[in-house]
Amino acid sequence: MIAIVALISLRCSTEQDDVSTSASQQYEDLRSAAPEIYGYLECQGFDLAGAKLYDEYVVVEGVAIRRDLISKNIEAAEQSPTNGRTDQYVVSLTPTGVVDFSNVTNIKYYIHSSIANLTGDWEGAIHDALDDWENISNCRVSFVETTSISSADIRFFNDAATGVSTSYMPVCARNIPGDSHMAAYPSNGEPGSWVSINNHWNTSSQGNRETIIRHEVGHTLGLRHDNSSSEGAVTSCGVNIGLSVKLTGTPTVESSSVMDNSVFTSTTVRNFTSNDKKAATFLYPEGQSAVVINTLTQYYKTSSSKDIKFTMTSPSVRMYRYHVERLPPWSSTPVQTSEYVTTSNTFWMYNVPHGTWRFRINGLNYGEDVTTPGIMKTVTVQ
Ligand SMILES: [Zn+2]
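Residues numbered from 1 in each chain as written. Predicted model: local features only at pLDDT ≥ 70, side-chain atom pairs only at ≥ 80, totals over all residues.

Novice: Kindly report on the sheet that holds strand E18 (residues 355-364), identifying the contributing residues and their values.
Specialist: Strand order in the open sheet formed by 4 strands is E16-E15-E18-E19, with antiparallel pairing between adjacent strands. Sheet topology places strand E16 (336-337) and strand E19 (371-381) at the edges, where each strand pairs with a single neighbour. When strand E15 (residues 321-327) meets E16, the two strands line up antiparallel, connected through 2 bridges. Its bridge partner being in E16, Glu325 is matched across the sheet by Thr337. (Pairing = 2+ DSSP bridges. Helix = DSSP H or I, 4+ residues; strand = E, 2+ residues; numbered from the N terminus.)

Novice: How would you explain the environment of Asn345 if you had to name every residue and give the values?
Specialist: With respect to the helices, strands and loops of the structure, Asn345 is situated in the loop between E16 and strand E17 (346-353). Residues Asn345 and Tyr322, spaced 23 residues apart in sequence, show a C-alpha to C-alpha distance of 8.6 Å. Those residues in contact with Asn345 that sit more than four places away from it in its chain are Thr311, Met312 and Ser314. (Contact = placed C-beta atoms within 7 Å.)

Novice: Describe helix H7 (residues 274-283), listing the residues and the values that go with them.
Specialist: Of all 10 residues in H7, 7 are buried, a share of seventy percent or more. Those residues of H7 that sit buried are Asp276, Lys278, Ala279, Ala280, Thr281, Phe282 and Leu283. (Buried ≥ 20, exposed ≤ 12 C-beta atoms within 10 Å, placed from the backbone.)

Novice: Before we move on, can you summarise the environment of Val99 with the specific residues and values?
Specialist: Structurally, Val99 is set in the loop between strand E6 (90-91) and strand E7 (107-111). For the pair Val99 and Gly367, spaced 268 residues apart in the sequence, the C-alpha separation amounts to 8.3 Å. Not counting residues within four places of it along the chain, the set of residues in contact with Val99 comprises Val104, Pro186, Gly189, Glu190, Pro191, Leu221 and Gly222.

Listed below in structure tokens is the structure:
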């Protein structure tokens, strides 16, 4: 069992302008400091130019990853070399990489006083960007501001903030080299606990500031970059570090996404694309209507069983995946589940024994912690 623990993301920084001597002194070259991790990431297809070891984090392609997590993935890959994942959009091997469905309403956020020292109205940008997240249709995410740093779920800092406990603002969130910003990925079903805005980022427009906050908050909710596959992970070695999973039905790359790296250029202004919104509702859906089995066709399999083909009515807002369950008439406990379907409206359930059964179609979110049960259909298979 591999647990995702405190993943950190930051923007690729091509300009290492060394804003903090004390911080940069803690960076070590990854190849020399941890050759086994370097070799593993190289095998995964990561671009290792400038890869660094930074305390307990490996910083590669603008993402900081817990070193112990990579080690666990190396162990897992050795034990199960085919257990790979493709790599876009969502941070996860399991739903631990996204926020629990029960934790995405009234996410408490805290704006540290150091934000006021940044150039421009970042506090306004935070408020506007969080409003934009809340206004995604059919998405459950909502926020409420708190003045209590200890009770907050997400904390916004100026990376030059001083006097803040490292339990709220880890060392790697401070004095970020170059022109990056950083955010934490979800951990243990909670949103990433901090966003750090680079004090040296002072040329952006207000629209760009809002875009950056939309992007960083996306990380705190579990989204990786739209072009995560090109950032590494799908591998010539047949294994994968497993840090993210492409959401089926979204494109491999969408450069207009708020989750694209290019939002960090000083002029970029981005709103959520239809695929950003799709990703948000795949993870945290709200207001999904029950789906209906439209047709059901029995095909002879054996003298005592049939294969059954189902189609569903096309839902107006699609859940991440659907399946059909078979239940006895007298029980609410399913005895069989069909294949999962992510993009089509057609399902198969194989080797269904003769008898009278109830079939139910369910829509599920990505984390599978919310289900939209569809309408039961009672059918005699014979
Ligand atoms: Zn990012």
